[in-house]
Amino acid sequence: MDFEKHNQMEPQTLHALAELFKVFGDPTRIRILYTLLQSELCVQEIADRLSMTQSAISHQLRILKQMALVKFRRDGKTIYYSLADDHVVTIMAQGLEHVLE
């Protein structure tokens, strides 16, 4: 992306970007995203891997879905979650690389 073209971002764009980064500010949501980097999982599988309740995971997944960071598919009664796209993978990878420097 050419940032010079975006030197005067619209207020709503700045707000949306700030909201996106707020979502990444929660350790539980980061743990969920990191878990979904590895594979597509249902709520119970995520809860088991993170030693959390289904209710807590569902709450965080709702936020992640609203921000278009995760997607889901239904298989019968089970809903499976995965990362929404390669942008999310890139954000996670670059963030991790940055903090490990």
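Rules used throughout
- Residues numbered from 1 in each chain as written.
- Predicted model: local features only at pLDDT ≥ 70, side-chain atom pairs only at ≥ 80, totals over all residues.
- Heavy atoms only, no water.
- Phe/Tyr/Trp six-rings, centres within 6.5 Å; stacked < 30°, edge-to-face > 60°.
- Buried < 20%, exposed > 50% of the residue type's maximum accessible area, 1.4 Å probe, protein only.
- Helix = DSSP H or I, 4+ residues; strand = E, 2+ residues; numbered from the N terminus.
- Expected span 1.5 Å × (residues − 1).
- Polar contact = N/O pair within 3.5 Å; in protein donor to acceptor, adjacent residues only side chain to side chain.
- Axes fitted to C-alpha atoms, helices over the stretch in contact; angles between N-to-C directions.
- Parallel < 35°, antiparallel > 145°, perpendicular 65-115°, else oblique.
- Contact = heavy atoms within 4.5 Å.
- Nonpolar A, V, L, I, M, F, W, Y, C, P; charged D, E, K, R; others polar.

### As for the packing of aromatic side chains
Right, on to step 1. This model, assessed by the stated rule, comprises one aromatic pair.
Right, on to step 2. Ring geometry for Phe-72 and Tyr-81: centres 6.2 Å apart, planes at 45 degrees, overall tilted.
Right, on to step 3. Judged by relative accessible area, Tyr-81 falls into the buried class, the value being 7%.

### Notes on helix H2 (residues 27-38)
Right, on to step 1. Between its first and last C-alpha atoms H2 spans 17 Å; for twelve residues at 1.5 Å apiece the expected length is 16 Å, and the two agree.
Right, on to step 2. Two or three places before Thr-28, at the start of H2, stands the capping residue Asp-26, its side-chain oxygen 2.9 Å from that residue's backbone nitrogen.

### Details of the packing of H2 against helix H4 (residues 54-66)
Right, on to step 1. The geometry of H2 relative to H4 is characterised by a closest axis approach of 10 Å and an angle of 80 degrees between their N-to-C directions. In terms of axis orientation, H2 runs roughly perpendicular to H4. Every residue of H4 that contacts H2 at Thr-28, Arg-29, Ile-32, Leu-33 and Leu-36 is listed here: Ile-57, Gln-60, Leu-61, Ile-63 and Leu-64.
Right, on to step 2. Its residues placed into classes, the contact of H2 with H4 shows seven nonpolar, two polar and one charged.

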